[in-house]
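Now for the letters of each chain:
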Amino acid sequence: MNKLTSKQRKLAYVIAIIVLLIPVIWLGMPSTGEEGSGGELAQLRVKHELGESTLGDVDPSSASMNFVLLGLRGIATNLLWMDANDYQKRKEWAKLRSTVDSIILLQPHYMKVWDFQGWNLAYNVSAEWDAVEDRYFWVKEGIKFLNEGVQRNERFPELDWKVANLHGQKVGRSDEWRLFRKFYKVDPDTERYEDGPDPEINPERLDNYQVAKEHFLLANEKELKHKQHLQMRMLFRASPWHAQFDYANAMQREGTFGKQRTDAWAQGFKDWTTIFGREEFITPKGPIVLEWTEDDIKDLANRDENISEADVRHWTNRYQDTSNYRFWRTRALSESETETIDAHKAIYDGEQLFRSGKFDEANVQLEKGMQLYAKVLNKYPSLLSEDLAIEEGLQAIILWRYIHDLKGLPIPDSYPLKPLWNKEQGRVPQLENDLRRRYGIQ
Amino acid sequence: MSFDPIPYDLLGAFKYFLVVFGSAMLIAVVVCLIVGTLTRGAKGFTGVFRGIFDFFVQITHVSCRRIWSLTVLTIREALRQKILFVFIIFAVLFMFAGWFLSGAADRPDLQVQSYIDFVLKAISWLVIPIMLLLACWSLPEDIKKRTIHTVVTKPAYRIEIVMGRMLGFTLLGSAILVVMGTIGYIWINRQVPETAQYKLVSKVPVYGEIVFTDREGALTKTGLNVGDIWDFRSYIEGATKARAIYKFTGIDESDAIDDKLVLESSFEAFRTHKGNMEKGGILYQFIFVNEDKNLRVPSRPLINKEYSDNVLEVKRKLKYDNPEGKGEGDAGTEIDIFDDVVDKDGNLTVEVQCLEAGQLLGMARPDLFVRTPDRAFLAGYSKAVFGIWLPMVLVIMLGVTISCFVKGPVAILTTLTIVLVGFMSKEYMTEILSGQMQASGAIEAWYRLITHMNSQTALPDGPVKFIIEIVDAGIINFLWLCQQVIPNFGIFSNMREYVIKGFDVSWNAALLPGIITTAAYILPCLIVSFYSLKLRELEAK
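Residues numbered from 1 in each chain as written. Chains lettered and ligands numbered in written order. Predicted model: local features only at pLDDT ≥ 70, side-chain atom pairs only at ≥ 80, totals over all residues.

Right, let's get into the overall build of chain A. Summing up its helical and strand segments, chain A has 22 helices and two strands in all. For a compact globule of 442 residues, the expected C-alpha radius of gyration is about 22 Å, and chain A comes in at 30 Å, more than 25% above that figure. Overall, the C-alpha framework of chain A stretches about 115 × 65 × 40 Å when taken along its three principal axes. Expressed as a percentage of its 442 residues, the buried residues of chain A come to 35%. (Helix = DSSP H or I, 4+ residues; strand = E, 2+ residues; numbered from the N terminus. Rg over C-alpha atoms; globule rule 2.2 N^0.38 Å. Buried ≥ 20, exposed ≤ 12 C-beta atoms within 10 Å, placed from the backbone.)

Here's what the structure looks like:
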């Protein structure tokens, strides 16, 4: 038995408590908010930016849920994730959405969760619905979900990039892009949004690619502070300027050939050559710029004695190839010219006339477009390195040939864009299939 | 609606109960007789029968007055233990529910489902664990503190003590449930926006039987499989002779709403090509068929809006335009849907056909039903709350029973395990035992894991295989036993699903199985608790 008296025991307890309190206070004292304040753990948290508030907006419900679950949040998340999969399999969309929200409450700073579930809502769930309005609703849900992720995580430029990509590619490049782009400006829920867009998605009533550009720019800004792990840095940083090109191109696809479209291409050229083109990127042989002058080459080579001018030229060339820099430069430049605009317009008009069954008029427009387009390609041969440019020409030829077949006319020996037709025969079957589906050609 | 309300086989269930209960009782009596005879000879043998007789004496002589006194005592004790503090958690949950439920806010139809789901889940997750703790803790605590002596020394039967506890907790739980249910009901009504209030109904569906025909028009049991991982629905091909044929029985005028026959469908589309996407869905058509009169009445083409309720209201009197040129009716003749289309036995046959070539329409039995006059949302909601009350009673019975033979913490763990297994693993066990799931035994799995042997390779012959098979067989038998004894709590959560999806809770497919499941445990629980309490040394701490 213990020989200590009750008093002595109590004293021993008090001493033990005090002794134990010293390391506890030293380690765990909370920070007052000022730099250097608080215990060792608090200081480390500040140093490595691990505090909840330094990661992004704090959601009290999320914080309290994680606190209540103690160390079991991993298990709880896994269970919820399995539930979410099950709901998706059984097409219980409301439950899926609320389960995904619960997962996020538990894992608010796990980038992949935001990334995967945002994509899942915008792509997989959206595709499960039959009506385009419903599909658009789920694309919006994906965007809203990722937007929340962005607010809660300030250190992931990837999330901003993903948001931008949904605004741009998902809305602008899906099978349903025509309606999606329309809904982007006038939401199908006209009663709720009063014939305007969903303000959470498009508050300023812009084009989807303009909004995408804004988000890409935010991603670029964050990328200067926090490294991204999505793709090659140069390609990541090229995204806003590609969104500008997409914006201009989308107007063209929809048959808008006015000043707005020309200005958009001009703006794209300016951004591409003066902002993106002048940005320095680090290569294995030092920094390079994509829009260079002889002085730049010399200057960059002079920064390090181990790097020669030939090295700088070599790596500049490689990076230009990787980013397709020269093509986009030429494209943007050419798109501001009247001849190019006329070529696009003639081909577009020809397609529309074909669609409405006016084959004679379509034939005239397509021929005109092909002639003009051949001139553009002769003037800017580097355009022939890009799929979109090649396919536009080939599509015009396919429709033009189809009209000839329909009327029993022989295909002339010589016609504009014939070299392109001969050179790109490999692409023709696929394009023919696409056009058959698009125009209902049997 | 994505669940299939299959009518409950009452007779089958009763037979099953008799077999399980009867064999369990028989085994118990035989074991007792053997043990009794071995330990106390002939005295032991007769003692067993005396014990059995004792139960019948007590059960037939229970006094309602004494049970009521014990019930009141139980309620008082529970109130002293601050049971009503549960309302604080309840209030907090409801105050902050908005944080967790803002997900599908833009779609009021989906949001309504989340609200109802939340309310019913919150109530059951609060009430059931609390009642479990109370039921498991109460008796052992009384025995420990010896306060049970104040009861057992009174002229009260042991069975009355058990019944008093069960009734007391049930009444208390019921009162809590009523209050929470009422608050939940008001909360849902206030939370659901005006535009979605129409969703708060209890639809009363009449389901039919479904068969299919293939693209050549030959009868088949199922339609096409489009490769969906969830094979709930099967598909019919558009612009062919493929049909889904629904047959509804017992249809008459009382099923009409405002003198109209209302059909509600929720089919799923599968497109093999994009088609015209601006229409909002794939075109389909119903054909009402009366073979007796050789009558085929097609509806107008309808657009299938996926995951929504597609409602077709057919006026009772309609013009028959005789498009297929056969049957009794002539073009322009007026026909009565209940007199002419529904056959003399009250059967309504509806064929569904997809009208678009290259597109498919998927359906299952519950995807098309005749909607009869709706009941108020309150009707379905109260049945769903009743669906929480039933498992609560079951948990109380199990808790009190188990606490009769083990101490409080052990009783809690045991009851909790039974409840969790009953809620989560019942289907899993059924899949293993029925051979639906290709699963090896536990020891075999463990052996394969540590020897890195894949499941396709046969176990090598020898003593190891023999031992593994013996032990695994024992484990599987134990699993079988658990499956027979552990209640299927999943039955109760089905009721919630009905209300969430806007249906009245089906008597046949949900309420009845729930009531029967709960009722089936009353007698076994009373027997087990009676003997446990009778044999227990109540003076022991």
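Assigned secondary structure in chain B consists of 15 helices and 16 strands. Oriented by its inertia axes, the alpha-carbon framework of chain B measures out at about 90 × 65 × 50 Å. Burial statistics for chain B: of 541 residues in total, 34% are counted as buried.

Here we come to the sheet that holds strand 7 (residues 268–271) of chain B. All names here are of chain B. Across the sheet, which stays open at both edges, the three strands sit in the order 4-15-7 with antiparallel pairing between neighbours. The open sheet has two free edges, formed respectively by strand 4 (234–237) and strand 7, since each of these has just one partner strand. The average angle at which neighbouring strand axes cross in this sheet is 30 degrees, direction not considered. (Pairing = 2+ DSSP bridges. Axes fitted to C-alpha atoms, helices over the stretch in contact; angles between N-to-C directions.)

A few words on the packing of helix 2 (residues 64–80) of chain B against helix 7 (residues 158–191) of chain B. The geometry of a pair of packed helices is captured by two quantities: the angle between their axes and the separation between those axes. All names here are of chain B. Where helix 2 contacts helix 7, the axes come no closer than 7 Å and their chain directions differ by 50 degrees. Classified by the angle between their axes, helix 2 and helix 7 sit oblique to one another. For the crossing formed where helix 2 meets helix 7, the hand is right-handed. Between helix 2 and helix 7, the contacting residues are R66, I67, L70, T71, T74, I75 and A78 on the first element and E160, I161, M163, G164, R165, L167, G168, F169, L171 and L172 on the second. (Parallel < 35°, antiparallel > 145°, perpendicular 65-115°, else oblique. Left-handed = near helix turned anticlockwise from the far one by under 90°. Contact = placed C-beta atoms within 7 Å.)

Take the sheet that holds strand 16 (residues 368–376) of chain B next. All names here are of chain B. A sheet is described by the order of its strands in space; here four strands give the open sequence 1-16-6-11, paired in antiparallel fashion. With partners counted over all chains shown, the strands left at the sheet margins are strand 1 (201–207) and strand 11 (310–315), one partner each. On average, adjacent strands in this sheet sit at an angle of 40 degrees to one another, irrespective of strand direction. Where strand 6 (residues 260–265) and strand 11 come together, six bridges link them in antiparallel fashion. When the sheet's bridge partners are listed, K260 is paired in strand 11 with K315. Relative to strand 16, helix 9 (residues 377–403) is tilted by about 95 degrees, and along the sheet it contacts strand 1 and strand 16.

Split into domains, chain A comes out as domain 1 (10–51), domain 2 (73–281) and domain 3 (337–439). Summarising the inter-unit geometry, the C-alpha centres of domain 1 of chain A and domain 2 of chain A are found 43 Å apart. (Domains from an automatic or database assignment.)

With that settled, the discussion passes to the packing of helix 7 (residues 111–128) of chain A against helix 8 (residues 132–152) of chain A. All names here are of chain A. Packing of helix 7 against helix 8 leaves a shortest axis separation of 7 Å and a crossing angle of 175 degrees. Here helix 7 lies roughly antiparallel to helix 8, going by the angle between them. In this structure, helix 7 uses W114, Q117, G118, W119, L121, A122, V125, S126 and A127 to contact helix 8, whose residues at the interface are R135, W138, V139, E141, G142, I143, F145, L146 and G149. Its residues assigned to classes, the contact of helix 7 with helix 8 shows eleven nonpolar, five polar and two charged. (Nonpolar A, V, L, I, M, F, W, Y, C, P; charged D, E, K, R; others polar.)

For the rest of this paragraph, the subject is unusual backbone geometry. All names here are of chain B. In this model, D259 sits at a positive phi of 65 degrees, which is unusual for a non-glycine residue. When the 12 C-beta atoms within 10 Å are taken as the criterion, D259 is described as exposed. Located in the positive-phi region is N294, a residue other than glycine, with phi close to 55 degrees. Looking at where N294 falls in the secondary structure, it is placed in the loop between strand 8 (282–290) and strand 9 (295–298).

Once that is clear, we can look at the nonpolar core. Within the largest apolar cluster, 71 residues are counted, with the highest numbers of intra-cluster contacts made by V127, M131, V162, M392, V395 and I396 of chain B. Listing elements by their share of this core, those giving two or more residues are helix 2, helix 5 (108–145), helix 7, helix 9, helix 10 (408–433), helix 13 (490–500), helix 14 (507–520) and helix 15 (522–535) of chain B. No other element matches the 17 residues that helix 5 of chain B contributes to this core. Discounting residues that sit within four places of it in the chain, I396 of chain B has contacts with M131, A135, M166, F169, T170 and G173 of chain B. Counting 58 residues, the second largest nonpolar core, distinct from the first, contains V132, F156, L290 and Y325 of chain A. (Core = buried A, V, L, I, M, F, W, Y, C linked by C-beta atoms within 7 Å.)

We now examine helix 15 of chain B. All names here are of chain B. Here helix 15 contains 14 residues, and its C-alpha end-to-end distance of 20 Å stays within 8% of the 20 Å for a straight helix at 1.5 Å per residue. Listed as buried for helix 15 are C525, L526, V528, S529, F530, Y531 and L533. Residues of helix 15 that are buried make contact with helix 1 (10–60), helix 7 and helix 9. (Expected span 1.5 Å × (residues − 1).)

All names here are of chain B. Relative to the helices and strands, I486 resides in the loop between helix 12 (463–485) and helix 13. For I486, a count of 19 C-beta atoms within 10 Å gives the class partly exposed. Sequence separation of I486 and F423 is 63 residues, and the distance between their C-alpha atoms is 9.8 Å.

Attention now goes to helix 17 (residues 325–334) of chain A. Among all positions in helix 17 of chain A, only Y325, W328, R329, R331, A332 and S334 of chain A are buried. The inward-facing, buried residues of helix 17 of chain A contact helix 13 (233–253), helix 14 (259–276), helix 16 (309–323), helix 18 (338–355) and helix 19 (359–379) of chain A.

A separate point is the environment of E351 of chain B. Residues and elements named next belong to chain B. Looking at the secondary structure, you find E351 in strand 14 (residues 348–354). Note on E351: 17 C-beta atoms within 10 Å, which makes it partly exposed. It is 26 Å that separates the C-alpha atoms of E351 and I229, two residues lying 122 residues apart in sequence. E351 has contacts with R243, I245, I287 and V289, leaving out every residue within four places of it along the chain.

Moving on, we come to the environment of A301 of chain A. All names here are of chain A. Relative to the helices and strands, A301 is located in helix 15 (residues 294–302). Linking A301 and P287, residues 14 residues apart in sequence, is a C-alpha distance of 8.8 Å. Contacts of A301, omitting those with residues within four sequence positions, involve I307, S308, E309 and V312.

Per-residue confidence for chain B averages 86 on the pLDDT scale, and 93% of its residues sit at or above 70. Predicted as a complex, the structure gets a pTM of 0.78 and an ipTM equal to 0.75. (pLDDT = per-residue confidence, 0-100.)

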